[in-house]
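# Report on the structure
If you want the building blocks of each chain, they are given just below.
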Amino acid sequence: MTAGMALPEKIVARFRGVALERLERIEAGWLELTRFPDDAERADEIRRELHTLKGDARVVAFAEVASLCHKLEDLLFFAHGRRYQVPENFDLVVTIALRFIAILVRQKDGATQSGIDLDGFRKQIDEVLRDAQSFEAPAPAIEKTNSGGTHPSVRERIDRLSYTTLHAFAEAATAVYLEHLLAEERSRARLRKTWQGLRDLIASLQTVPLTPDLARRARSAVELARDLKKKVDLVLELEDVQVPPAVAEAIGTAALHALRNAVDHGIEPPDAREHARKPFEGKLHVRARKLGETVEVVIEDDGGGIDLEAVRKRAVDLGLLPAASAEAVPERTVFELLFEPGFSTHRDVDETSGRGVGLDAARTALSRLGGSIDLHTRPGLGTTVVMRAPLQSLSLEVLLVGDAAGLPIAVPGSWSVAEEPNAPVAEAIDPTAFLGLGTGSGAGTVLRLDKEATVVRIVGAPSGRLAAERLCPTGDYYPVEVIRLATGEALLLHPSALIKPPDSGARAA
Amino acid sequence: MTELSSLSFSSPNFGASGSVDGKTLTIALSGNADLGALAPLEKVLASLHQEAETAAVAEVAVDLRKLEFMNSSCFKNFVSWIGKVQELDGTKQYRIRFVSNAEILWQRRSLHALQCFAAQLITVET
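Residues numbered from 1 in each chain as written. Chains lettered and ligands numbered in written order. Predicted model: local features only at pLDDT ≥ 70, side-chain atom pairs only at ≥ 80, totals over all residues. Heavy atoms only, no water.

Here we take up the sheet that holds strand β10 (residues 416-420) of chain A. Hydrogen bonds between backbone atoms are what pair the strands of a sheet, whose relative direction is either parallel or antiparallel. All names here are of chain A. With antiparallel pairing, 3 strands are arranged side by side in an open sheet as β10-β11-β12. Of all the strands in the sheet, the pair left with one neighbour each is β10 and β12 (454-460). Direction aside, the axes of adjacent strands within the sheet are offset by 30 degrees on average. With 5 bridges connecting them, β10 and strand β11 (residues 445-451) associate as antiparallel partners. Counterpart to A418 in the pairing with β11 is R448. (Pairing = 2+ DSSP bridges. Helix = DSSP H or I, 4+ residues; strand = E, 2+ residues; numbered from the N terminus. Axes fitted to C-alpha atoms, helices over the stretch in contact; angles between N-to-C directions.)

Put into C-alpha cells, the structure is as follows:
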C-alpha cells in the first residue's frame, strides 16, 4: 500500500473526510431501508455512495477499503433483490462491514491494523450470503405448491431457532400429550388438539422446502447462460419436498456447481449446436422428488457431455493414472477422478469440459450427510448429475417393554434388553410411576436395559420388536417421546434419562 | 466474587447479571434480546465498560449460553462496546471472552463476525 503514501497528504485527508461522511450516509440509509424497503431513491443513493467510495479508495490506493466496499456491494445487491428482508446476522455483517471500512479509512494507508481479521471477515460475508441464499423466503408462485398445514411466517425464520429451542418445544408438546392421557373426557379432547397442533408446528419447523432454492439456482444458471450468449430452455419438475436445513444447504451447494457446469461447459454455444445438428436452444432439466426416506435431485443437460479422453489425459499429466495403462482404465474409475479435490483447478476447465469444477465440494457436502452424487454422460448428447440425500429419518425399531395409561411402552431397538427374574422389583424404575401416569402396577419383572456403558433397570415385560415412527422427537436427555406403531400411538422411553426424575413439566399431574 | 448491581437487569424476556472475581469481570445474559432489550442492554454494556475500567480487569467474560436469541440491533451494541475498548490506551484495554452455545446458530455466526472485528481482543469459547 505504498502507492497511497505517495499521494499528497492533503488529498488523502480529503478522501478520509468525504469517505467517513459517505459511510455515515450509507449506514443511515441501510437502517432506513430495513424499515422501509420500498424507498427506491434511498436504495439508489446508498448504492451510488458505496460505488463512489469504492472508486475513490482505488484512486488513493486504499486497496483494502476498495475490496471491502466491493464485498459490501455484494451484500447490498443481494438485500435489494430481497426487498431488504434479510436475516439478522446479515444485517449485523453489513453493520460490521461499515465499521470495518471506517477503521480502514482512518488508518494511515487504508491497510489492515493489527487485530483485524479482514480475510476472515470476507469469508464471513461469503458464508452469510450463502446462508441467506439457502434460506431465502419462497417465491409466491412456488409457495402455492407447498403442502398445507405449514407456517410460512415461522419457517422463513428457521435459522433463528436452535435445536435446543426445538427440543424444548417437543418436550412441552410431550408434556401436553402425557397430560391428555390422564385428563377427563372434555379436557382430554382439548389437550389432544393442542398436542396435535404443537406436533405439526414442530414438524414444520424442523424442515424447509427444497423447491424454492433449487428453482432460484436454476434460474440464475439461465441468466448465466444469457451472459455467455447461450440459449437455454429450462424445464423444472420439482415436487414439494421438505428437507432438514442441512440437506437443503448441501443440495443447494451441489446443485450450484452442477448447474454452473451444465451451462458454462456442457451446453454448447448456438453455432456449435447448429454444427452438431442439435436444436439451437440447449435444454436444462431439473427434477426433484422424494424417494422413500431420500430426496433425489437430477440435473440434466443436452450439451456436449464429458470428454473422457481429456479427463484421462489430464489424469496422466497429474500422475493419477499410469500413462501406459490409462486407456484400459474403466470409465467409472475415470469419472471418479473428477471428484478428486483440485482435479480440475490446475488446468483450463474447457480441456476437460470443466466437469470437475467444484464436484469435490459437492460430493463432500452431500457425503457428510450420508448422501451421494453421481455423473452419467453420453458424448455429444449431454450429462446427467444425480444427487441423493437422506431425509431426516423418523423411523426406528423399538422393543415393547410394557404399558402405561393404556398405551404400549417401548425402548429404542439399539438397547439390549435382558430379563432378571431374581432381581428385586422395588429397586427397578417403574415407568408408569416415573412418568407420573399412575402409581405403577408392580407387575412384570426387572428388565436390564444395556447400551454401551449405561445400564438401567426398569419394571416391564418384553414382547417383541416393532417398527415405529417418531411423531415429535425429543432429545435423549428427556425421558419420553410419543411414537406411532402400526397399532396406534405408544410411548418411547429414553432409558439414559430415566436415571434422574424428569422435570415436573414432563409429568402428568 | 462480588456481585455487581449495576449490571443486573431482569424482565420476563431478558436478564443480565454481573460479578467480578479478581481480574475477571463476568456478565451473563439470558432470555431473548429483541427490541425490548435494546435500551437495557445498551445501559448494561455502558456500565460494564465503566466497571471494567474502574476495576482494571484483564478480562471480561460474556456468558451467552442462556441467551436464546439476539437481534442485530442489540448485537450492534456489542460492536460499539468493542469499538470503545479498541479506543482505550493499550495498557487499559481488556480482553473479551464470549462463552457461547455452539448449538445456537446465531451465536456461532455472529460471534465469528465480531471476532474478526478485533481478533486480538476477542476469544469465543464454546
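There is more to say after this.
Here we come to helix α5 (residues 88-106) of chain A. With 19 residues, α5(A) ought to run about 27 Å at 1.5 Å a step, and its terminal C-alpha atoms sit 28 Å apart, in line with that. Judged by how many residues are buried, α5(A) sits mostly within the fold: 16 of 19 residues are covered. (Expected span 1.5 Å × (residues − 1). Buried < 20%, exposed > 50% of the residue type's maximum accessible area, 1.4 Å probe, protein only.)

This paragraph deals with the confidence of the model for chain A. This prediction gives chain A a mean pLDDT of 80; 84% of its residues lie at or above 70. For the stretch residues 345-357 of chain A, pLDDT sits under 50, and the model shows 32 contacts to residues farther than four places along the chain or on other chains. (pLDDT = per-residue confidence, 0-100. Contact = heavy atoms within 4.5 Å.)

Residue and element names in this part refer to chain B. Overall, the coordinates contain 11 aromatic pairs over all chains when judged by the stated rule. Judged by centre distance (6.0 Å) and plane angle (40 degrees), the ring pair of F9 and F14 falls under tilted. Taking the relative accessible area as the measure of exposure, F9 reaches 28% and is therefore partly exposed. One aromatic cluster is present, built from ring pairs that chain together F75, F78, W81, Y94 and F98. (Phe/Tyr/Trp six-rings, centres within 6.5 Å; stacked < 30°, edge-to-face > 60°.)

Counting 87 residues, the largest nonpolar core has A:F90 and B:W81 as the members making the most contacts within it. Considering each element in turn, this core owes the most residues, 13 residues, to α5(A). In this structure, B:W81 is in contact with B:L45, B:L48, B:H49, B:V60, B:V62, B:Y94, B:I96 and B:F98, ignoring residues within four places of it in sequence. If you look at the next biggest cluster of nonpolar residues, it comprises 51 residues, including A:A248, A:I251, A:A255 and A:A288. (Core = buried A, V, L, I, M, F, W, Y, C linked by side-chain atoms within 4.5 Å.)

This next bit is on the sheet that holds strand β8 (residues 395-404) of chain A. Residues and elements named next belong to chain A. Here we have 5 strands rolled up into a closed barrel, ordered β8-β9-β15-β14-β13, and mixed in their pairing. The average angle at which neighbouring strand axes cross in this sheet is 55 degrees, direction not considered. Note: strand β14 (residues 480-485) against strand β15 (residues 488-493), 6 bridges, orientation antiparallel. Considered in β15, the bridge of E481 is made with L492.

Attention now goes to the side chain of B:K76. Structurally, B:K76 can be placed in helix α2 (residues 72-87). A polar contact of 3.4 Å, which involves the side chain of B:K76, links it to the side chain of A:D91. For B:K76, the side chain forms a polar contact with the side chain of A:T95, separated by 3.2 Å. If we skip the residues at most four places from it in the chain, B:K76 touches A:L31, A:D91, A:L92 and A:T95. (Polar contact = N/O pair within 3.5 Å; in protein donor to acceptor, adjacent residues only side chain to side chain.)

Let us now look at the interface of chain B and chain A. Tallying the contact residues gives 23 residues for chain B and 27 residues for chain A. With both chains or domains summed, chain B and chain A bury close to 2,200 Å², and 55% of this area falls on carbon and sulfur atoms. On inspection of chain B and its partner chain A, the count reaches 1 salt bridge. The tally of links between chain B and chain A comes to 4 residue pairs in polar contact (both at pLDDT 80 or more). When contributions to the side of chain B that touches chain A are tallied by element, the ones reaching two or more residues are β4 (59-70), α2 and α3 (105-117) of chain B. Tallying contributions element by element places α3(B) first for the side of chain B that touches chain A, with 8 residues. (Buried area = accessible area lost by both parts, 1.4 Å probe. Salt bridge = Lys/Arg side-chain N within 4 Å of Asp/Glu carboxyl O.)

Here the focus is the environment of A:G460. Residues and elements named next belong to chain A. Mapped onto the elements of the fold, G460 is located in strand β12. The class for G460 is buried, based on a relative accessible area of 7%. Residues G460 and T445 lie 15 residues apart in sequence; the distance between their C-alpha atoms is 5.6 Å. Not counting residues within four places of it along the chain, the set of residues in contact with G460 comprises V401, G444, T445 and L447.

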